[in-house]
Amino acid sequence: MEFHTQVPGSYVIVDHSIFRAFNKGALAILKVDGAENKAIYSGKEVDSVYLGDRAGGNLAAVTTAAKAHAAGTLTKDEQIAAGKQLFVGTCSVCHQADGAGLANVFPPLAKSDYLAADPKRAISIVTHGLTGKVTVNGHEYDSVMPPMAQLTDDEVANILTYVMNSWDNPGGQISKEDVAKVRAEPAPTTAAPAH
């Protein structure tokens, strides 16, 4: 394959095989120097997350939950509704919309004995990531979940509250404050133990 660049910058190169990218670090940054060409790229960058079809009305429940939290009236049902919308746009690519995961690659969140054993551990996994072997519902998984640093404490709380109350999981509720506390702790140095 051959390619050329027309403007300087730092370009992220990703191996499209999910297994190689996650397990062998097939990522690179290509640094290109040279004269700028403002006709091709103005140099302006937008410091925001691209939401695509998640924008606007699709995130109404997230806005409702954020306002309710600010007012001190947030309910578990509002968290679940917001978490569902956020899960679809953030987590479902790996864990699937039904929480079933991908066999031998990404563990299920549905009917998860791992989640049920320690719901608070999930906060650390989302905020700090997880590398190494874990056993979920009797099956071993050895993959990487990067930290979801782009998610706010509210968003993590809403997503996990949704997951805990979906797909025959035991239920429960995670607060923004729970997430902030775990996020402030040092990241675990090893994979979470199997149970």
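The structure under discussion appears in the preceding block.
What counts, and at which threshold
- Residues numbered from 1 in each chain as written.
- Predicted model: local features only at pLDDT ≥ 70, side-chain atom pairs only at ≥ 80, totals over all residues.
- Heavy atoms only, no water.
- Helix = DSSP H or I, 4+ residues; strand = E, 2+ residues; numbered from the N terminus.
- Buried < 20%, exposed > 50% of the residue type's maximum accessible area, 1.4 Å probe, protein only.
- Contact = heavy atoms within 4.5 Å.
- Areas by Shrake-Rupley, 256 points an atom, 1.4 Å probe, with all protein chains shown as cover.
- Axes fitted to C-alpha atoms, helices over the stretch in contact; angles between N-to-C directions.
- Parallel < 35°, antiparallel > 145°, perpendicular 65-115°, else oblique.
- Left-handed = near helix turned anticlockwise from the far one by under 90°.
- Core = buried A, V, L, I, M, F, W, Y, C linked by side-chain atoms within 4.5 Å.
- Nonpolar A, V, L, I, M, F, W, Y, C, P; charged D, E, K, R; others polar.
- Pairing = 2+ DSSP bridges.
- Salt bridge = Lys/Arg side-chain N within 4 Å of Asp/Glu carboxyl O.
- Expected span 1.5 Å × (residues − 1).
- Patch = residues over 30% accessible without salt bridge, like charges linked within 9 Å, V, L, I, M, F, W, Y side chains within 5 Å.

(A) Spatial organisation of the overall build of the protein chain. Of regular secondary structure, the protein chain possesses eight helices and four strands. Going from the N terminus to the C terminus, the protein chain shows its helices and strands as β-α-β-α-α-α-α-α-β-β-α-α. Across the 195 residues of the protein chain, 33% fall into the buried class. Sequence separation of 24 or more characterises 58% of the internal contacts of the protein chain that already satisfy a separation of 6 or more. Approximately 12000 Å² of the protein chain is accessible, and the part contributed by carbon and sulfur atoms is 57%.

(B) Region of the structure containing the packing of helix 7 (residues 153–164) against helix 8 (residues 176–184). The geometry of helix 7 relative to helix 8 is characterised by a closest axis approach of 8 Å and an angle of 115 degrees between their N-to-C directions. Between helix 7 and helix 8, the interaxial angle falls into the category roughly perpendicular. Considering how the two elements wind past one another, helix 7 and helix 8 form a crossing that is right-handed. On helix 8, the residues touching Asp153, Asp154, Val156 and Ala157 of helix 7 are Lys176, Val179, Ala180 and Arg183.

(C) Representation of the nonpolar core. Grouped together as the largest cluster of nonpolar side chains are 27 residues, with contacts concentrated most on Phe87, Ile159, Leu160, Val163, Trp167 and Ile174. Residue assignment for this core shows that the elements contributing at least two residues are helix 2 (60–71), helix 3 (76–90), helix 6 (121–128), helix 7 and helix 8. It is helix 7 that contributes the most residues to this core, seven residues altogether. Among all residues touching Leu160, those that are not within four sequence positions of it are Ala122, Ile123, Val126 and Ile174. Of all hydrophobic cores here, the second largest spans six residues; its members include Tyr114, Ile125, Leu130 and Tyr141.

(D) Seen up close, the packing of helix 2 against helix 3. Close contact between helix 2 and helix 3 brings their axes to 8 Å; oriented N to C, the two are set at 140 degrees. Classified by the angle their axes make, helix 2 and helix 3 are oblique. The element helix 2 and its partner helix 3 pack so that their crossing is left-handed. Where helix 2 abuts helix 3, its residues Ala60, Ala61, Val62, Thr64, Ala65 and Ala68 lie against Glu78, Ala81, Ala82, Gln85 and Leu86. Residues of the contact of helix 2 with helix 3, tallied by class, amount to eight nonpolar, two polar and one charged.

(E) Layout of the pairing of strand 4 (residues 139–145). For strand 3 (residues 130–136) and strand 4, the ladder comprises seven bridges, and the chain directions are antiparallel. Along strand 4, the bridge assignment pairs Val136 with His139. The antiparallel pairing of strand 3 with strand 4 creates a hairpin that spans two residues between the two strands, and Asn137 there sits at a positive phi of about 50 degrees.

(F) Looking closely at the pattern of salt bridges. Tallied over the entire structure, the rule returns six salt bridges. Notably, a salt bridge pairs Lys111 with Asp168, separated by 3.7 Å at the nearest N-O pair. Separated by 57 residues along the polypeptide, Lys111 in the loop between helix 4 (92–95) and helix 5 (113–117) and Asp168 in the loop between helix 7 and helix 8 bring together distant segments of the chain. No difference in accessibility class separates Lys111 from Asp168, as the two residues are exposed. Ionic pairing is found between Glu140 and Lys133, a salt bridge with its closest N-O pair at 3.9 Å.

(G) Inspection of helix 3 at higher detail. Relative to the 21 Å expected for 15 residues at 1.5 Å per residue, helix 3 spans 20 Å between its end C-alpha atoms, a close match to the ideal helical length. Listed in full, the buried residues belonging to helix 3 are Gln79, Ile80, Ala82, Gly83, Leu86, Phe87 and Thr90. Contacts made by the buried residues of helix 3 are with helix 2, helix 4 and helix 7.

(H) Quick look at a nonpolar patch on the surface. There is a patch of nonpolar side chains on the surface, built from Met1, Phe3 and Ile13 and spanning about 430 Å² of accessible area. Mapped onto the fold, Ile13 is located in strand 1 (residues 9–14). Taking relative accessible area as the criterion, Ile13 reaches 40% and is therefore assigned partly exposed.

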